[in-house]
Amino acid sequence: MDKGLHRFSLIVACATFLLIIAGALVTSHDAGLATSDWPLSNGQVFPKMVGNLFWEHGHRMVATTVGMLTIVLMLYIFRKEKRPWVRWLGVFALLAVVAQGLLGGLTVKLMLPLIVSAAHATLAQLFFCTTVSLAVFTSKSWMSARPAWEEERGVPIRYLCLAAAVTIFLQLILGATLRHSATWDKPLPTNLLLAHIGGAAAVTLLLGTAAVIVLRRYAAERFLTRPAAIALTLLVVQLFLGLAAYITRQASPNDPQPLNPMVGITVAHVACGALVFASTIVLTLRAFRALRPAASLEFVSNSQRLSGI
Amino acid sequence: MNKQTKVWLVISLVLGLLALGSACGNKPSEETKSETSTATKKMPAGAASIVGIVTFIGTPPTPKKIDTSADPVCGQKSPNLTTDDAVIKDGKVANVFVYIKDGSLADGSKIGDYTSDVPSQAVTLDQNGCHYRPHVLGIQTNQKLQVTNSDPTQHNIHPTPKNNPEWNQTQPNGAPPIEKTFARAEILIPVKCNQHPWMKAYIGVLKHPFFSVSGEDGSYTIKGVPAGTYTVVAWREGGAAGTEKTMQVTVPATGSAKADFSFGEAAAAAGRPSTLEVMPALEIPLRH
């Protein structure tokens, strides 16, 4: 285990989180097309960052930094890391950040078609999840943890966490599509809005159940309870932010947008969504690392197989 | 190649294909042919007008101050900029786009059966004080739209039509005018500046010249209309797609037909109709 590599992975994950915030600020200010060219802005590397160009070019600068950091991270991983699958994850991170940059350029060139913009926002979350996973895999706690605890009878917590993570990812896709469907001067599509609300209910049910079970069953194991508690807290905050984002949008349709309350709350909703996803990924990875299937369950399963059931 | 390698390769491939697919699936057509029309007859010259006043009944919305501090140039040039979605003075509404939607000429032929000459003169949309002037304008299909920048800062002009190709072009200060045309009729194309998100304008594109925009006194005049009976529409900004009022107007061979429109919640609640009146031609003898 290399402490430096873990710290650097954490830096990349944090920078990626800032990049998600920068991207959300672009969408909330409707600044995606503040310049019609890409990768330069108005033909310049450093244009005068006034008006919405501040947000769009600022986003590009943060993205370039994250791209550079990801290249360094991959090289760092290849130098220090022996596990082949971690190396491949480093390669995937690099490919993802390159694809993300190209999608960003594509969405500017094609003038923000919904599918490309939503794909750009979704891949951002997937890339963030990758950098968070790299930070987890290179951590001391991951290296020292071994499958120590058996799953108790009942709901298999590992798969419940996995289901929560997958549902959150689907919810992030819905959220990204909803967000890019209408600027502030247009009404949100009702079907997408309802689907997003339904997704929030599904996430609350799955993640809430998983986190509560973890907190109750493994109360003494901080390796599991810490991400569970963080994910649960963030989920509650996220639900309030979602409601607040909707109310601020509905409250001021005729005002000269973008108004700071709407921008601030909506961006916080996007950022908190990313954190809920990240903390659930950490919880899921750690659950698979630390828990092993209950022997009795395996025994039952084997017995059933033997008896032909 | 081990199993893990294959899995990662498949994931990479799927992501690449998704990106490619989404790019190809949304490529807008670069060229749009002129609207297909079976019209072959030339629009006869008309000698009458449709005139009217657009009023607002009820309490008009108050213009709201726009925070232009994001660009210091805008703050200096237009420190007190307000929203212009409802320019109402003494109950008279400006920026209402009034046009003939359809109808028949006196001989029973449809107005859509005729073609109109495209004016050689361009229509100008200026960016001045981080504000579009005019806020609402009309233009004929294939007539030149000239966009100018009178501000010492850069703008980008971004119409978001549904029937015409979308475009987005940056115009630095001092840059020459941008000239564009719209090949298809469309009511109305929103125009925005993604650099200064409060900037909005609307362009009405029609195949004929029978349109007008109400001034600050609420009045409008549609000139050169041939005699006939038409559906006249008044479009006002507001809501997701604006608000429309429709009226049947009979236009005499000479003179003018009056068509007043009323907007506002109070007008709708009171069921107050827009008024219609045919006025006789006013003949002024020429002195020799």
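## Here we look at the overall build of chain B
Broken down by element type, chain B carries 3 helices and 22 strands. Considering chain B as a whole, with its 288 residues, one finds that 44% of them fall into the buried category. Partitioning the contacts of chain B with sequence separation of at least 6, the portion at a separation of at least 24 is 63%. As displayed, chain B has an accessible area near 14800 Å², and 54% of this comes from carbon and sulfur atoms.

## So, the state of the cysteines
Under the counting rule described, the total for this entry stands at 1 disulfide over all chains. Among the cysteines around Cys161(A), which has no disulfide bond, Cys129(A) carries the closest sulfur, lying 14 Å off. With no disulfide of its own, Cys193(B) has Cys130(B) as its nearest cysteine by sulfur position, at a separation of 7.7 Å.

## Topic: the interface of chain B and chain A
Listed as interface residues are 33 residues of chain B and, on the opposing side, 35 residues of chain A. Around 2800 Å² of area is buried between chain B and chain A when both sides are counted, 60% of it from carbon and sulfur atoms. Between the two partners, chain B and chain A, sit 1 salt bridge. Here chain B is connected to chain A by 11 residue pairs in polar contact (both at pLDDT 80 or more). In terms of residues, the side of chain B that touches chain A owes the most to one element, helix 1 (residues 3-25) of chain B, which gives 9 residues. For the side of chain B that touches chain A, the per-class residue count stands at 12 nonpolar, 15 polar and 6 charged.

What counts and how
- Residues numbered from 1 in each chain as written.
- Chains lettered and ligands numbered in written order.
- Predicted model: local features only at pLDDT ≥ 70, side-chain atom pairs only at ≥ 80, totals over all residues.
- Heavy atoms only, no water.
- Helix = DSSP H or I, 4+ residues; strand = E, 2+ residues; numbered from the N terminus.
- Buried < 20%, exposed > 50% of the residue type's maximum accessible area, 1.4 Å probe, protein only.
- Contact = heavy atoms within 4.5 Å.
- Areas by Shrake-Rupley, 256 points an atom, 1.4 Å probe, with all protein chains shown as cover.
- Disulfide = S-S within 2.5 Å.
- Buried area = accessible area lost by both parts, 1.4 Å probe.
- Salt bridge = Lys/Arg side-chain N within 4 Å of Asp/Glu carboxyl O.
- Polar contact = N/O pair within 3.5 Å; in protein donor to acceptor, adjacent residues only side chain to side chain.
- Nonpolar A, V, L, I, M, F, W, Y, C, P; charged D, E, K, R; others polar.

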